[in-house]
Protein chains: 4
Amino acid sequence: MHENREAVLKRLRRLEGQVRGIARMVEEDRYCVDVLTQVAAVRAALKGVEKLVIDDHASRCIEDAIASGDREDQRTKFIELLELLDKARG
Amino acid sequence: MHENREAVLKRLRRLEGQVRGIARMVEEDRYCVDVLTQVAAVRAALKGVEKLVIDDHASRCIEDAIASGDREDQRTKFIELLELLDKARG
Amino acid sequence: MHENREAVLKRLRRLEGQVRGIARMVEEDRYCVDVLTQVAAVRAALKGVEKLVIDDHASRCIEDAIASGDREDQRTKFIELLELLDKARG
Amino acid sequence: MHENREAVLKRLRRLEGQVRGIARMVEEDRYCVDVLTQVAAVRAALKGVEKLVIDDHASRCIEDAIASGDREDQRTKFIELLELLDKARG
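Note that the coordinates shown come from a computational prediction; the quantities given were computed from them, not determined experimentally.

Participant: When you look at the overall build of chain A in this model, what are you seeing that I'm missing?
Facilitator: Counting its secondary structure elements, chain A contains three helices and zero strands. The order of α-helices and β-strands along chain A, N terminus first, is α-α-α. When its C-alpha atoms are laid out on the principal axes, chain A stretches across 55 × 30 × 15 Å. Classification of the 90 residues of chain A by burial places 48% in the buried group. For chain A, restricting intrachain contacts to residue pairs at least 6 apart in sequence, the fraction spanning at least 24 positions comes to 57%.

If you want it as structure tokens, here you go:
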């Protein structure tokens, strides 16, 4: 990671705190639906982290593969993206 | 489209019939939850169509871009995949 | 279906046309990524149909189950919603 | 939470460790795609937690609402489920 490194680390630390907060809610027997709302917030936060990592990947690794002219590297990068797409489509 | 052309067309025709079937269910005042089950089936069928189109795209257009050595074409193909990924992540 | 019946039928007819349009694109060998964009549009349209059906279900069937005081009917309605939720979570 | 309380807490603690592990990967400049794979694993783990919380909610809060015969409570429970469904549909 390059450009978004610090932003990603900051978000991950916040995320860790959010997960700990959910555990506390469960320990305090808070209402299930409130717990689910917090889980959804963590899911959304994870999506934001993914976005930052993907952007970084695109602007660095993928650009490198294009610039290098190395066909094997390009193929690897395409296949990785296709696999990510396949997983994201659920 | 190349390899999966006929398979995609066949599935799309079936899909059209499924959508028409849902309309008939609504006209016949069938139970909402049964309608929703059919809508979910159409959604799953669409996913299958997408998969076939993506595979075709990968094996032809992307391979062409790699083989050509044309950096602009490669960049376009990467950006398109990144945009598809972004949409698929929801 | 009650309130949203006509709206749902109208959307389903439009959807049928969209699916037919995608088949035409494939027959005309249109670019894969443009096909995928149209498939995504159909997916979004389906989501809109689902929303209308769910709203109708909520305002009629679920309200009926509450009003009836019939525990078995209420349980059925809850279980159906939980199953829809489970599927929607992917 | 009742039945699944301990299972949920155990999973949340593991999840916290997974998030910390991702932060470590980013600090060690690990490959973006490997980071994304771990993020996807956390997403899947969250889904598992959600499932346990929903099951608990269904077997306790929803059953209570049915048993009570309290229409307002039943309506609240239905609306909450409908809202969760709406969010889950993306």
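Participant: Is there a simple way to think about the side chain of A:K77 in this case?
Facilitator: Following the sequence through the fold, A:K77 ends up in helix α3 (residues 71-88). A relative accessible area of 8% means that A:K77 is categorised as buried.

Participant: Before we go on, may I ask you to explain the interface of chain B and chain C in this structure?
Facilitator: Accessible area lost during the coming together of the parts is what is often quoted as the interface size. Contacts between the two partners involve 38 residues from chain B and, on the opposite side, 37 residues from chain C. Carbon and sulfur atoms supply 71% of the area that chain B and chain C bury against each other, a total of about 3700 Å² over both sides. Interface area lost by chain B to chain C is led by B:C32, B:L36 and B:R43, which between them contribute 17%. Where C:R43 meets B:E50, a salt bridge forms, and the shortest distance between an N and an O atom there is 2.8 Å. Viewed at the interface, chain C and chain B are joined by nine residue pairs in polar contact (both at pLDDT 80 or more). At the level of secondary structure, the elements contributing two or more residues to the side of chain B that touches chain C comprise α1 (5-27), α2 (32-68) and α3 (71-88) of chain B. Of the residues forming the side of chain B that touches chain C, the biggest block, 16 residues, is contributed by α2(B).

Participant: Can you help me understand the packing of aromatic side chains in this one?
Facilitator: The geometry of two aromatic rings is summed up by the distance between their centres and the angle between their planes. With the rule as written, the count across this model stands at two aromatic pairs over all chains. Each ring, one from C:F78 and one from D:F78, has its centre 3.7 Å from the other, and the planes form 0 degrees; the classification is stacked. With C:F78 in helix α3 (residues 71-88) and D:F78 in helix α3 (residues 71-88), this residue pair bridges two chains. As far as burial versus exposure is concerned, C:F78 and D:F78 are alike and both buried.

Participant: Explain the pattern of salt bridges to me, please; I cannot follow it from the model alone.
Facilitator: Side chains carrying opposite charge are able to pair once their charged atoms draw close together. In this structure the tally under the stated criterion is 52 salt bridges over all chains. Between C:R20 and B:E16 there is a salt bridge, with its nearest N and O atoms 2.9 Å apart. Of this pair, C:R20 sits in helix α1 (residues 5-27) while B:E16 sits in helix α1, each in a different chain. Look at C:R20 and you get partly exposed, because its relative accessible area is 37%. With a shortest N-O distance of 3.4 Å, C:D86 and D:K51 are connected by a salt bridge.

Participant: Mind showing me how you'd approach the relation of the copies chain B and chain C here?
Facilitator: Both copies of the chain are related through a single rotation about an axis accompanied by a shift along the same axis. Structural alignment of chain B on chain C gives an RMSD of 0.0 Å, achieved by rotating through 180 degrees and translating 0.0 Å along the axis. Expressed as an axis order, the relation between the two copies is that of a two-fold axis. Considering only C-alpha atoms, the part of chain B nearest the rotation axis is B:E16, at 2.8 Å. When the interface residues of chain B are mapped onto chain C, 97% of them again fall at the interface, so both copies present the same face.

Participant: Which parts of the structure should I look at to understand the nonpolar core?
Facilitator: Proteins that are soluble and globular tend to have nonpolar side chains buried together. The biggest cluster of nonpolar side chains holds 116 residues, and the ones touching the most others in it are A:L12, B:L12, C:L12 and D:L12. In this structure, A:L12 is in contact with A:V49, D:V19, D:I22, D:A23 and D:V26, ignoring residues within four places of it in sequence.

Participant: What's the story with the environment of D:I62 in this structure? I'm lost.
Facilitator: With respect to the helices and strands, the residue D:I62 is situated in helix α2 (residues 32-68). Overall, D:I62 belongs to the buried group, its relative accessible area being 2%. Here the alpha-carbon distance between D:I62 and D:L81, two residues 19 residues apart in the chain, equals 9.9 Å. Those residues within four positions of D:I62 in sequence are excluded, and the remaining contacts are C:F78, C:L82, D:H57 and D:L81.

Participant: Would you mind showing me how to read the side chain of C:Q74 here?
Facilitator: Take C:Q74: it is sitting in helix α3. In terms of polar contacts, C:Q74 uses its side chain to reach the side chain of D:Q74, at 3.1 Å. For C:Q74, the contacting residues outside a window of four places in its chain are C:A65, C:I66, C:G69, D:I66, D:Q74 and D:F78.

Reading guide: rules and limits
Residues numbered from 1 in each chain as written. Chains lettered and ligands numbered in written order. Predicted model: local features only at pLDDT ≥ 70, side-chain atom pairs only at ≥ 80, totals over all residues. Heavy atoms only, no water. Helix = DSSP H or I, 4+ residues; strand = E, 2+ residues; numbered from the N terminus. Buried < 20%, exposed > 50% of the residue type's maximum accessible area, 1.4 Å probe, protein only. Contact = heavy atoms within 4.5 Å. Buried area = accessible area lost by both parts, 1.4 Å probe. Salt bridge = Lys/Arg side-chain N within 4 Å of Asp/Glu carboxyl O. Polar contact = N/O pair within 3.5 Å; in protein donor to acceptor, adjacent residues only side chain to side chain. Phe/Tyr/Trp six-rings, centres within 6.5 Å; stacked < 30°, edge-to-face > 60°. Least-squares fit on C-alpha atoms with pLDDT ≥ 70 in both. Core = buried A, V, L, I, M, F, W, Y, C linked by side-chain atoms within 4.5 Å.

By themselves, these figures tell us nothing about what the structure is for.
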